[in-house]
Amino acid sequence: MIAKISSGKDTAGLIRYLFDTKKAKDHTDPHLVASWDGFAPDPGRTDDFTATKKLLVADLDLRVKQARRLGRAPERHVWHCSLRAATTDRHLSDEEWADIARRVVAATGIAPQDDPDGCRWVAVRHAPDHIHIAATKVRGDLRTARHWNDYLTADRELATIEKEYGLFQVTRGDRTAAKRPTRAEQEKARRQGQDKPARERLRTIVRTAVAATTSTEEFIRLLSHTDGMLVEVVYFPSGDVRGYKVASKDTTTADNEPVWFSGSELAPDLSFPKIQKRLESTAPQSSGRPDRHRASPWHQAAASAERIPRHLDQADGEAAQAHLAAFGEVLDVLPFLAPHALRPRLQEAAAAFERATRSRVQAEHHHARALRGAVRAMLREPAPRDGNTLAMFLDVAVLVVIAAARWHRLRHHNQQVAAAHQTLLHLQAAYDQAAAAPLATLAQRRPPQQTVDRHIHHIRRAVPDHAEHIIEDPAFNALTSALTKAEAAGHDPERLLQQAADQRALADAHRPARVLTWRIQRLSTRPVPSARARAAQARSTAQRPSAPLHPAATALPPQSTQDRRH
């Protein structure tokens, strides 16, 4: 059940709207279901509508007029709250709606329970699925009602009501969501032929600029050179940057003035101070000639992202939140680095995951310096031409989103969980599309049966719990091809399999051979360890007791079976 609350100046205008049956098509049977004393005149149940409506307005405004004579009436004295049930909910009776209305006005402070001086209010039902509560904010003692944070208090009460009445339980947030476009903004976008309102388009551009830059100066400069954008920088008297505002050139007011949005109006984490803090926590890029032995930025980003599930398993929530925010930046820039065919899906994934990058947990962004640095490096180098690299990264990205959904669910971040689930659908589709050709090419290079049998032996020794599932996977031929190539480069296939399995999440994998294929390819790009290093690793492995995986890493909660990957 959703509440919408607003304030106004015209009691008569609101009552006229609530009982109107001509202009509003869904006002089929307007009538009162409850009121402050149970005896308020009901214009919907009388033959003389006009006279009864005037009586109702006069009764509601009585205390307002008294307070006005004393100079104590608030300017916006009307309180309006609409309560709407979900489309899947049963139709509530008038008595049930009346009980809900009484509980909401009590919870919000409009008319506290057992308070004889509570404000005057009425609940009007003019459609099966919702009611409107109209109240005047002056109490019986002529003081103004204390209804601060009324939306939050109403929302908490509605959450309880949903459980008690067996109604659909709405996914609620934590006040960290970006502000939604207003109806006026949405209608203006439709008139202009835009697929999204200006607020949403500007938010995407600003988020991408944050992900692509390393300093606030570069951030402002990039925004200023973006087509269709207007940027205004706000300064302190000292000359330091205080903030920024952006506008879209194709969205103006009736006076042909730009519609400006500050960063914080676009999203809570896009205010200038928060952007500045994030950019200060970005690892500096190396200068000079590139080292041919240095891993590519894509491999660096994949390696950093692959560690995120481990970070999310730790107790440090601030670090975990930082890694989720940094991963969101990866998704923001990924569409610019991918083939055109994949960009729509990746853009949808980035837009969906945006909600999962924020929570009430404050991020300590320095924890994600390596991933942010890798992202900037990815943007400064040519995009990979082979499909392997992108498919490899998307494989890791799917794993991260699954872990993010789990992390948010454990903390009851319901909107973020829903956002992660939506992200997973888009990422999975993009991964399937990106991985098809590279996997087919690898499968065509399947080694001789004698080599395959040797790899099967390696698999059963390295990952015995998943061996049969891996061997039956349609991508098994691609995995044997990757193992053969790694072995030819000097790597030990069994050790690579153990390292790949140590990176976890095989329990989440519906197609474990595909997961291992990308990991083997990534691990095999590293230099082959020397004989001394292999001996040291062998001794370390023999001396280290085997520890069970963290429960969160080996099983999803029952409601998350839809998150199983590939």
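Residues numbered from 1 in each chain as written. Predicted model: local features only at pLDDT ≥ 70, side-chain atom pairs only at ≥ 80, totals over all residues. Heavy atoms only, no water.

Chemist: Quick question: what am I supposed to make of the overall build of the protein chain here?
Modeler: Scanning the protein chain for helices and strands turns up 23 helices and eight strands. Looking at the protein chain as a whole, 50% of its 566 residues are labelled buried. At a minimum sequence separation of 6, the contacts of the protein chain that also span at least 24 residues come to 73%. A total of about 28300 Å² of accessible surface is found on the protein chain, and carbon and sulfur atoms cover 50% of it. (Helix = DSSP H or I, 4+ residues; strand = E, 2+ residues; numbered from the N terminus. Buried < 20%, exposed > 50% of the residue type's maximum accessible area, 1.4 Å probe, protein only. Contact = heavy atoms within 4.5 Å. Areas by Shrake-Rupley, 256 points an atom, 1.4 Å probe, with all protein chains shown as cover.)

Chemist: I'm lost on the sheet that holds strand β7 (residues 241-248) in this one. Help?
Modeler: What the three strands build is an open sheet, ordered β6-β7-β8; its pairing is antiparallel. Whereas interior strands pair on both sides, the edge strands pair on one side only; in this sheet they are β6 (229-235) and β8 (261-262). The sheet contact formed by β6 and β7 spans seven bridges and is antiparallel. Across the sheet, residue Glu232 finds its bridge partner in β7, namely Lys245. (Pairing = 2+ DSSP bridges.)

Chemist: When you look at the sheet that holds strand β3 (residues 78-84) in this model, what are you seeing that I'm missing?
Modeler: The pairing of strands in a sheet comes from backbone hydrogen bonds and takes either a parallel or an antiparallel form. Taken in spatial order, the five strands of this open sheet run β1-β3-β5-β4-β2, and their pairing is antiparallel. A single partner strand is all that each edge strand has here, and the edge strands are β1 (2-8) and β2 (31-35). The average angle at which neighbouring strand axes cross in this sheet is 20°, direction not considered. Inspection of the sheet shows β1 paired to β3 by seven bridges, in the antiparallel sense. If you follow Ile2 over to β3, its bridge partner there is Arg84. Contacts between helix α4 (residues 150-165) and the sheet are confined to β1 and β3, with β1 contributing the most and set at about 155° to the helix. (Axes fitted to C-alpha atoms, helices over the stretch in contact; angles between N-to-C directions.)

Chemist: Help me out: how do you make sense of a positive patch on the surface in this one?
Modeler: A surface patch of positive charge is lined by Lys4, Arg180, Arg183, Arg190 and Arg191. Tracing the sequence through the fold places Arg191 in helix α5 (residues 183-191). (Patch = residues over 30% accessible without salt bridge, like charges linked within 9 Å, V, L, I, M, F, W, Y side chains within 5 Å. Salt bridge = Lys/Arg side-chain N within 4 Å of Asp/Glu carboxyl O. Lys, Arg positive; Asp, Glu negative; His and termini not counted. Charge placed at Lys NZ, Arg CZ, Asp CG, Glu CD.)

Chemist: When you look at the nonpolar core in this model, what are you seeing that I'm missing?
Modeler: Among soluble globular proteins, nonpolar side chains are generally buried collectively. Of all hydrophobic cores here, the largest spans 55 residues; its most connected members are Phe327, Leu334, Leu346, Phe353, Leu390, Leu394 and Leu427. Of all the secondary structure elements, the ones that give two or more residues to this core are α10 (297-306), α11 (308-313), α12 (317-337), α13 (343-353), α14 (369-380), α15 (387-410) and α16 (414-444). Broken down by element, this core gets its largest block of residues, 15 residues, from α15. Residues within four places of Leu334 in sequence aside, it is in contact with Trp298, Leu346, Met378, Leu390, Phe393 and Leu394. The next biggest cluster of nonpolar side chains, apart from the first, holds 29 residues, and it includes Ile100, Trp121, Ile133 and Ala145. (Core = buried A, V, L, I, M, F, W, Y, C linked by side-chain atoms within 4.5 Å.)

Chemist: Mind showing me how you'd approach the pairing of strand β4 (residues 121-127) here?
Modeler: Every regular strand shows the same layout, with side chains that alternate between the two sheet faces. Judged by how many residues are buried, β4 sits mostly within the fold: seven of seven residues are covered. For β4 and strand β5 (residues 130-136), the ladder comprises six bridges, and the chain directions are antiparallel. When the sheet's bridge partners are listed, Ala127 is paired in β5 with His130. The loop that links β4 with its antiparallel partner β5 comprises two residues.

Chemist: Before we go on, may I ask you to explain the confidence of the model for the protein chain in this structure?
Modeler: When pLDDT is averaged along the protein chain, the result is 88, and 90% of the positions lie at 70 or above. The model gives residues 544-565 a pLDDT under 50, and that stretch makes 41 contacts with residues more than four places away or in other chains. (pLDDT = per-residue confidence, 0-100.)

Chemist: When you look at the packing of aromatic side chains in this model, what are you seeing that I'm missing?
Modeler: Given two aromatic rings, their pairing is described by the distance between the two centres and the angle made by the two planes. Summed over the entire model, instances satisfying the criterion amount to four aromatic pairs. Note on Trp298 and Phe393: the rings are 6.0 Å apart at their centroids and 90° apart in plane angle, and the pair reads as edge-to-face. Of the two residues, Trp298 is situated in helix α10 and Phe393 in helix α15; the sequence distance between them amounts to 95 residues. For the pair Trp298 and Phe393, one class covers both residues: buried. One cation-aromatic arrangement involves Lys245 over Trp260; the distance from NZ or CZ to the ring centre is 5.7 Å. (Phe/Tyr/Trp six-rings, centres within 6.5 Å; stacked < 30°, edge-to-face > 60°. Lys NZ or Arg CZ within 6 Å of the ring centre and 35° of its normal.)

Chemist: Just to check I follow, could you spell out the environment of Ile308 for this structure?
Modeler: Along the chain, Ile308 falls in helix α11. When the C-alpha atoms of Ile308 and Ala322 are compared, they prove to be 10.0 Å apart, with 14 residues separating the residues in sequence. Not counting residues up to four positions away in its chain, the partners in contact with Ile308 are His323, Phe327, Leu371 and Val400.

Chemist: Could you clarify how one ought to interpret the pairing of β3 in this entry?
Modeler: Among the seven residues of β3, six are classified as buried, and the element is accordingly described as predominantly covered. In this sheet, β5 lies alongside β3 in antiparallel orientation, the contact comprising seven bridges. Bridge assignment links Arg84 to a residue of β5, and that residue is His130.

Chemist: Can you help me understand the pattern of salt bridges in this one?
Modeler: Oppositely charged side chains may form a pair once their charged atoms are brought near each other. Taken as a whole, this structure holds 33 salt bridges when the rule is applied. Between Asp94 and Arg125 there is a salt bridge, and its shortest N-O distance comes to 2.8 Å. Placement of the pair is Asp94 in helix α3 (residues 94-108) and Arg125 in strand β4, with a sequence separation of 31 residues. Judged by relative accessible area, which is 28%, Asp94 ranks as partly exposed. Owing to a relative accessible area of 9%, Arg125 belongs among the buried residues under this scheme. As a salt-bridge pair, Glu164 and Arg103 come within 2.7 Å of each other at their nearest N and O atoms.

Chemist: Help me understand α13 in this model?
Modeler: An α-helix turns once per 3.6 residues; consequently, residues spaced three or four apart project the same way. Buried within α13 are the following residues: Leu346, Ala349, Ala350, Ala352 and Phe353. The buried side chains of α13 occupy one side of the element, clustering within an arc of 165° when seen end-on. (Arc of directions from axis to C-beta.)

Chemist: What exactly am I supposed to notice about the side chain of Asp150 here?
Modeler: Structurally, Asp150 is set in helix α4. Despite being buried, Asp150 has no salt bridge partner; Lys137 is the closest side chain of opposite charge, sitting 6.6 Å away. At 2.9 Å, the side chain of Asp150 forms a polar contact with the side chain of Trp79. Ignoring anything within four residues of it in the chain, the contact list for Asp150 reads Ile5, Trp79 and Thr108. (Polar contact = N/O pair within 3.5 Å; in protein donor to acceptor, adjacent residues only side chain to side chain.)

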